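Each chain, written out:
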Amino acid sequence: MSEKQTDFQSTQTGITKRRISLKWKWAIGTGVGVLLIFTFFSFFVFNSISQVMISQERTQVNTTIDSVDSRLQRVSEIDGITVGKYLRPDSSIGNTDQNERPYNNTLLTNLARRDVIVSVYNLKGEQVFATRRDSKKFQFPEKRNIAHEKSRQFNGLVGRSPIRNNKNELIGYIQVVDTLTSVKRTQQKIIWIVILLTIVAFALISIFGYLLATYLLRPINVMNNTMKQVTDDPQTELRIPDLERNDELSDLAIVFNDMLDRMQRYIDQQHQFVEDVSHELRTPVAVIQGHMEMLNRWGKDDPKILDESLQASLDETKRMKSLVQEMLDLTRADQLEIHFSKEETPVMRVVNQVFNDFKMIHPEFTFTLDSDVHSNPIVQIYRNHLEQVLIILLDNAVKYSTKRKEIHISAAEDMHNVQIAIQDFGEGISEEDVKKVFNRFYRVDKARSRDKGGNGLGLSIAQRLVEGYHGQISLESSVGYGSIFRITLPIDQHETDKYSEDEETNVIE
């Protein structure tokens, strides 16, 4: 993938669109995600710190009210002169410790703060003392209260409390206004720090996300290049190399390679099919053409030649029909995984059916069935395909059993597989030919095979069908003693147990 934004022309709308690399999408998306999380976390921390600072300021306001109230408890009447004596910085009245310096006193320290305004009012609500000019309107309090007040002109803490002397007589009121200037200044610093950290975090996370995306998407670049080369040359044997990552992308590469191999097999099968058709149909077409040309020239006037030519043409036409059907069967057998990958079949039911059919069709033969299968094994194969394989093998056994017309069928099973064997006592096949009988269009004796109606495709179809369902087919033969074809198919144990339970239920009912 390109690391830059590139343009591409839409083939459908003709509109030029901007393409953003997946790396940038990943980097920006990661950065934005972290930015949102960091913003939420910062907002939570900021509110927590602000609440702590305001709580501390509230405590300070309450402490200031306590200090002023304790100093004015000895006063019988509040006026400007009296309050000034007790609250001015050089006053030592009310101090229990004569060695304490005035400005070390907590009250005087609070009075000196710029963001705190302490005001004292008499019973009429007239201000008799103030550390600074106070624009906050006074309200008569019934009891001490400290509140956070907000308006267009003010945002801070206001504490109000009545003042009582030692005789518990109400002598005045105190109001402490904290403008929270230091708190607001600290909040602004925190906000700028958070903004700076957010920008830095966004940049670092985006860079990290881009680098991580570059590393993680590197296999996709390899896949993309491979796909382009396969598109340019469908016959290429190029495949995605081993990514050595052991993750989902490695699994994707394996699936993609399997898909390419399957496509290559289909292409090869198509080419093979065309070549086989053109090769095998050339002879019957030439024979028919020769007879038609002969009839056209002079043979149509000779009844004997006419009958021979028509019969030969019909025979070749039937052979072409049989050949085309078998080649179509072979092509379908090469594509089992597409259409029949999940079919299930009870093996012995099909074996018994085919066995009984052949006993009826060929009464001149002796068919025997020896079964060592005591369960009801289920195999993953389409029923018609299993039947087709058995028919091909039994037809083959019948065709080549010339003297001893006897055919044995046996079945056995183990923990994982079921095996079916078909034995004839016919001509047999040499060791050299045994290795080739499953090749398409191969005939041991071409002249005799053609006389018996064979095209050399039956065993190829049987092999494709059995192996397409993950089974095995093999041949043991000896010239003059006959042949044994063995089919091995894996048992689906789960379906077998389920089928057996259903059978028992039906018997009970």
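Bear in mind the structure is a predicted one, so any value in this text is a computation, not a measurement.

### Focus on the sheet that holds strand S4 (residues 127-130)
Then step 1. The five strands are arranged S4-S3-S7-S6-S5 in an open sheet whose pairing can be described as antiparallel. Edge positions in the open sheet fall to S4 and strand S5 (145-150), since each of these has one partner strand only. Neighbour to neighbour, the strand axes of the sheet diverge by 20 degrees on average, direction disregarded.
Then step 2. Both strand S6 (residues 155-164) and strand S7 (residues 170-178) contribute to a ladder of eight bridges, which runs antiparallel. By the bridge assignment, Gly-159 is partnered in S7 with Val-176.
Then step 3. In this fold helix H1 (residues 22-71) packs onto strand S3 (116-121), S5, S6 and S7, with an angle of close to 25 degrees to the strand it touches most, S6.
Then step 4. On top of the sheet, helix H2 (residues 80-87) reaches S3 and S4; it is set at about 20 degrees to S4, its chief contact.

### As for helix H5 (residues 218-232)
Then step 1. For H5, with 15 residues, the first-to-last C-alpha span of 22 Å sits near the 21 Å given by 1.5 Å per residue.
Then step 2. All buried positions along H5 are accounted for by Pro-219, Asn-221, Met-223, Thr-226 and Val-230.

### Examining the pattern of salt bridges
Then step 1. All told, the structure shown has four salt bridges when counted by the stated rule.
Then step 2. When the shortest N-O distance is used, the salt bridge between Arg-144 and Asp-66 registers 2.4 Å. Note that Arg-144 is positioned in the loop between S4 and S5 and Asp-66 in helix H1, a separation of 78 residues in sequence.

### Looking at the sheet that holds strand S13 (residues 472-478)
Then step 1. With mixed pairing, five strands are arranged side by side in an open sheet as S9-S11-S12-S14-S13. Looking at which strands have only one partner, the edges of the open sheet turn out to be strand S9 (366-371) and S13. Averaged over all adjacent pairs, the angle separating strand axes in this sheet is 15 degrees, with direction ignored.
Then step 2. Pairing between strand S12 (residues 417-424) and strand S14 (residues 482-490): eight bridges, direction antiparallel. From the neighbouring strand, Ile-422 faces S14, where its bridge partner is Phe-485.
Then step 3. Together, S9, strand S11 (406-413) and S12 form the strand contacts of helix H9 (residues 347-361), whose direction differs from that of S9 by roughly 165 degrees.

Conventions and cut-offs
- Numbering of residues starts from 1 in every chain and runs along the sequence as written.
- Local features are withheld for residues below a pLDDT of 70 in this predicted model, meaning they are given only at 70 or higher, and side-chain atom pairs are given and counted only at 80 or more; totals for whole chains, interfaces and linings count all residues.
- As a convention, hydrogens and water are excluded, and side-chain values are obtained from all of the structure's heavy atoms.
- Paired strands, in this sense, are two strands between which DSSP finds at least two bridges.
- Under the scheme used here, helices are H or I runs from DSSP no shorter than 4 residues and strands are E runs no shorter than 2 residues, and both carry numbers assigned from the N terminus.
- In this analysis, axes come from line fits to C-alpha atoms, helices being fitted only over the stretch in contact, and the angle between any two N-to-C directions falls in the range 0 to 180 degrees.
- When checking whether two residues touch, look at their non-hydrogen atoms; a contact exists if any pair is within 4.5 Å.
- Working rule for helices: expected span equals 1.5 Å times residues minus one.
- Throughout, exposure labels follow a simple rule: accessible area from a 1.4 Å probe, protein chains only, divided by the maximum for the residue type, with under 20% read as buried, over 50% as exposed, and the rest as partly exposed.
- When a carboxyl oxygen of Asp or Glu lies within 4 Å of a side-chain nitrogen of Lys or Arg, that pair is called a salt bridge.

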